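Coordinate inspection notes
Take a look at the letters that make up each chain.
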Amino acid sequence: MKKTLTSTLAALAIMAGTAGAQATELRLSHQWSDKDVRHQVAQIIADEVAAANVDLDIKIFPTQSLFKAREQYKPLSRGQLDMTVLPLSYAGGQQPAYNLTLMPGLVKNHDHAARLSESPFMAKLEEKMADDDVMVLVHGYLAGGFAGKEKCITNPADIEGLQTRAAGKAFEQMLAGAGASIASMSSSEIYNAMQTGVLDAANTSSSSFVSYRIYEQVACYTPASDVALWFMYQPLLMNKSTFDGLNEEQQAALMAAAEKAEAHYLAEAKKQDAASVEVFKEAGVEIASMSAEDFEAWRAIAQETSYKAFLEDVPDGQELLDLAFAVE
């Protein structure tokens, strides 16, 4: 009788656990449209996990429909949001070290970015994320460039006196150092700001330039090419306690999905730059290019502004910079 009762209780426990797993739904928020590469990365995660049949559903909330662009990291760290695709520098107010993931001239190209993601530099940043109960599921960097409403932006002299949007604190510091006036906003707000005359120029990712149709508002586009000043780390993050609370099958399904999504992210990131040029060309926008000399001129200003300010704000900033520069 006792054995039968024990077996029955065990069966009920398994049934209860299965029922609980079936009810597991994760909410994934991001700021982009469903045509954007960052949404594709989120969709791969959702689709692969669904196909794994581990009683785990991921519901995606695009276009800031759940949280505003810059208001996702805090609810993620508090467990009010399960997952997000986020430019990590948006959370630089909470963790100043994150501003290093959008530092002028730090990343050379997409393959270099991928090596940075697997380096001791990134491991240090992930330790800081863990302190906030956050973990990385998918690493990813996107490159970007400049767009000017009336003129081309290739070197520091071109930006002087213009009202400019920069993606992240470090670029704002560098552009201000070059004589620009800064208007802070998310990439989703660039179009309206240019349309209403608030902005003269902007820099953001190649993907955002296309998905937000900035080509409709500008005269000239300077894309990322052999010389790319602008690289921004935009991972898919997850609340660590939420991940730890899943069963082993669910965790394994998420990690397998993340591996596939990361490979897609890197391949697509490389395509974004060239694809954006074609879109802008078709819209009749002039295409400019940044020379190696232009790049060095920007970096010289960044060293006196962005890098200097970063080291003043972050106690272990020099260690992080050294780790980043050590990645060839």
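Treat the numbers as computed from the prediction; the structure is a model and nothing was measured.

1. A look at the overall build of the chain
Looking only at helices and strands, the chain features 14 helices and twelve strands. For 328 residues, the compact-globule estimate of 2.2 N^0.38 gives 20 Å, and the chain sits close to it at 22 Å. Relative to its 328 residues, the chain shows a buried fraction of 54%. Treating the 26 positive side-chain charges of the chain as one cloud and the 44 negative ones as another, the clouds have centres 4 Å apart.

2. Brief notes about helix 11 (residues 248-282)
Across its 35 residues, helix 11 extends 49 Å between first and last C-alpha, which sits within 8% of the 51 Å expected from 1.5 Å per residue. Where helix 11 begins, the side chain of Asn 247 points an oxygen toward the backbone nitrogen of Glu 249, at a separation of 3.1 Å. With its phi angle positive at about 85°, Gly 284 sits one or two positions after the end of helix 11.

3. Considering the sheet that holds strand 2 (residues 57-61)
Spatially, five strands are ordered 2-1-3-11-4 in an open sheet, and the strand pairing comes out mixed. Because the sheet does not close on itself, it has two edges, and the strands there are strand 2 and strand 4 (134-138). Ignoring strand direction, the axes of neighbouring strands in this sheet form an average angle of 25°. Alignment of strand 1 (residues 25-29) against strand 3 (residues 83-85), held across two bridges, turns out to be parallel. If you follow Ser 29 over to strand 3, its bridge partner there is Thr 84. Along the sheet, helix 2 (residues 37-52) contacts strand 1, strand 2, strand 3, strand 4 and strand 11 (236-239); its crossing angle with strand 2, the most-contacted strand, is approximately 160°. Packed on one face of the sheet, helix 11 meets strand 2, strand 3, strand 4 and strand 11 and runs near 60° to strand 4.

4. What about the state of the cysteines?
In a disulfide, the sulfur atoms of two cysteines are held together by a covalent bond. For the coordinates displayed, the defined rule picks out one disulfide. Cys 152 shares a disulfide with Cys 220; S-S distance 2.0 Å. Disulfide Cys 152 to Cys 220: torsion about the S-S bond roughly 95°, handedness right-handed. A residue pair is termed long-range when its members are at least 10 positions apart, and Cys 152 in the loop between strand 5 (141-148) and helix 6 (156-159) and Cys 220 in strand 9 (residues 220-222) qualify at 68 residues.

5. A look at the packing of helix 2 against helix 11
Direction vectors running N to C along helix 2 and helix 11 enclose 155°, while the axes themselves pass 9 Å from each other. With respect to each other, helix 2 and helix 11 are oriented roughly antiparallel. Read as a crossing pair, helix 2 and helix 11 show a hand that is right-handed. Where helix 2 abuts helix 11, its residues Val 37, Arg 38, Gln 40, Val 41, Ile 44, Ile 45, Glu 48, Val 49 and Ala 52 lie against Ala 253, Leu 254, Ala 257, Ala 258, Lys 260, Ala 261, His 264, Tyr 265, Glu 268 and Gln 272. Its residues assigned to classes, the contact of helix 2 with helix 11 comprises twelve nonpolar, three polar and four charged.

6. Regarding the side chain of Gln 95
Looking at the secondary structure, you find Gln 95 in the loop between strand 3 and helix 4 (110-117). Its relative accessible area of 15% is what places Gln 95 among the buried residues. Those residues in contact with Gln 95, other than ones at most four positions away along the chain, are Lys 128 and Asp 132.

Cut-offs applied
Residues numbered from 1 in each chain as written. Predicted model: local features only at pLDDT ≥ 70, side-chain atom pairs only at ≥ 80, totals over all residues. Heavy atoms only, no water. Helix = DSSP H or I, 4+ residues; strand = E, 2+ residues; numbered from the N terminus. Rg over C-alpha atoms; globule rule 2.2 N^0.38 Å. Buried < 20%, exposed > 50% of the residue type's maximum accessible area, 1.4 Å probe, protein only. Lys, Arg positive; Asp, Glu negative; His and termini not counted. Charge placed at Lys NZ, Arg CZ, Asp CG, Glu CD. Expected span 1.5 Å × (residues − 1). Polar contact = N/O pair within 3.5 Å; in protein donor to acceptor, adjacent residues only side chain to side chain. Pairing = 2+ DSSP bridges. Axes fitted to C-alpha atoms, helices over the stretch in contact; angles between N-to-C directions. Contact = heavy atoms within 4.5 Å. Disulfide = S-S within 2.5 Å. Parallel < 35°, antiparallel > 145°, perpendicular 65-115°, else oblique. Left-handed = near helix turned anticlockwise from the far one by under 90°. Nonpolar A, V, L, I, M, F, W, Y, C, P; charged D, E, K, R; others polar.

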